[in-house]
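Residues per chain, in single letters:
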Amino acid sequence: MKIEDELKQGKFQSNVHKALVNVMFTNSWISDRFRVVFKNYQLTSQQYNVLRILRGGYPEAMNPNQIKAVMIDKNPDLTRLCDRLLSMGYIDRCVNDENKRKMNIRINEKGLEILDEIDPAVSKLQSEISGLTEAEAAKLSDLLDKVRNA
């Protein structure tokens, strides 16, 4: 469905305005669908993102600044997110070798297992909502990079 029909709006200020509204609307639409998947595993999208980042660094531990630097949503309280993941048994905290007063975070086996469980559902959702060829997806990604680098 076209963005004009979704929002019941016939005119936009410009094509740039229309595109930006479409990106924001589509982001929300996609986020809602992922939220349903993560809810089935009692995770939020932000918790999933932290686990995904930690899996990328595994088996090394990461400090909170390293995690925050690559998070999709840079605003959440990372300490709170990690406390919740720790209580769920998905991560471990360990002492930072360079600064004994600081803690690093590492995904553990249980965290890796939950991601292995979630991965097929995420892949299925990606294929269901994409509707793009590989070439179209690459072009869209390039265009979005261009927007962020303007």
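Reference entry: report on the structure contained in this document. In this convention, every chain numbers its residues from 1, walking through the sequence in written order. Only residues with pLDDT of at least 70 are given local features in this predicted model, and only at 80 or more are side-chain atom pairs given and counted; all residues enter the totals for whole chains, interfaces and linings. Hydrogens and water are ignored here; the side-chain numbers use all heavy atoms of the structure.

**Quick look at a nonpolar patch on the surface**
Link 1 in the chain: A contiguous nonpolar patch, built from V23, L132, L140 and L144 and spanning about 300 Å² of accessible area, is present on the exposed surface.
Link 2 in the chain: Strands here are runs of E lasting at least two residues and helices are runs of H or I lasting at least four, both read from the DSSP assignment and numbered beginning at the N terminus. Mapping L132 onto the fold places it in the loop between α6 (109–130) and α7 (134–148). Patch members must show over 30% relative accessible area and no salt bridge, and they are joined within 9 Å when carrying like charges or within 5 Å when they are nonpolar side chains of Val, Leu, Ile, Met, Phe, Trp or Tyr. All accessible areas in this document rest on Shrake-Rupley with a 1.4 Å probe, and a residue is counted as covered only by the protein chains that are shown. A pairing counts as a salt bridge when a side-chain nitrogen of Lys or Arg comes within 4 Å of a carboxyl oxygen of Asp or Glu.

**Digging into the pattern of salt bridges**
Where charged atoms of side chains with opposite charge meet at close range, the side chains can pair.
Link 1 in the chain: Applying the stated criterion across every chain, the model contains 6 salt bridges.
Link 2 in the chain: The shortest N-O distance in the salt bridge between D145 and R148 comes to 2.6 Å. A residue pair is termed a helical-turn pair when its members lie 3 or 4 positions apart in one helix, as D145 and R148 do in helix α7 at 3 residues.
Link 3 in the chain: Owing to a relative accessible area of 61%, R148 belongs among the exposed residues under this scheme. Residue exposure (1.4 Å probe, protein chains only): buried if accessible area is under 20% of the type maximum, exposed if over 50%, otherwise partly exposed.

**Examining the environment of E117**
Link 1 in the chain: Turning to its location among the elements, E117 is positioned in helix α6.
Link 2 in the chain: Take E117: its relative accessible area is 47%, and that puts it in the partly exposed class.
Link 3 in the chain: Separated by 18 residues in sequence, E117 and N99 have C-alpha atoms that sit 35 Å apart.

**Notes on the environment of L140**
Link 1 in the chain: With respect to the helices, strands and loops of the structure, L140 is situated in helix α7.
Link 2 in the chain: In sequence terms L140 and K18 are 122 residues apart; their C-alpha atoms lie 16 Å from each other.

**With respect to unusual backbone geometry**
Link 1 in the chain: With an omega of 15 degrees, the peptide bond between Y58 and P59 qualifies as cis.
Link 2 in the chain: Note that P59 resides in the loop between α3 (45–57) and α4 (64–70).
Link 3 in the chain: Despite not being glycine, K8 has its phi angle at roughly 50 degrees, a positive value.
Link 4 in the chain: Examined against the element boundaries, K8 turns out to sit in the loop between α1 (3–7) and α2 (15–39).
Link 5 in the chain: The phi dihedral of Q42 falls on the positive side, at around 55 degrees, and the residue is not glycine.
Link 6 in the chain: Here Q42 is to be found in the loop between α2 and α3.
Link 7 in the chain: The exposure class assigned to Q42 is exposed, which follows from its relative accessible area of 57%.

**So, the nonpolar core**
Link 1 in the chain: Here, nonpolar core means buried Ala, Val, Leu, Ile, Met, Phe, Trp, Tyr and Cys residues that are tied together by side-chain atoms lying within 4.5 Å of each other. Within the largest apolar cluster, 28 residues are counted, with the highest numbers of intra-cluster contacts made by L43, L51, I67 and I118.
Link 2 in the chain: Elements with a minimum of two residues in this core: α2, α3, α5 (78–87), β2 (103–107) and α6.
Link 3 in the chain: The element that contributes the greatest number of residues to this core is α6, accounting for 6 residues.

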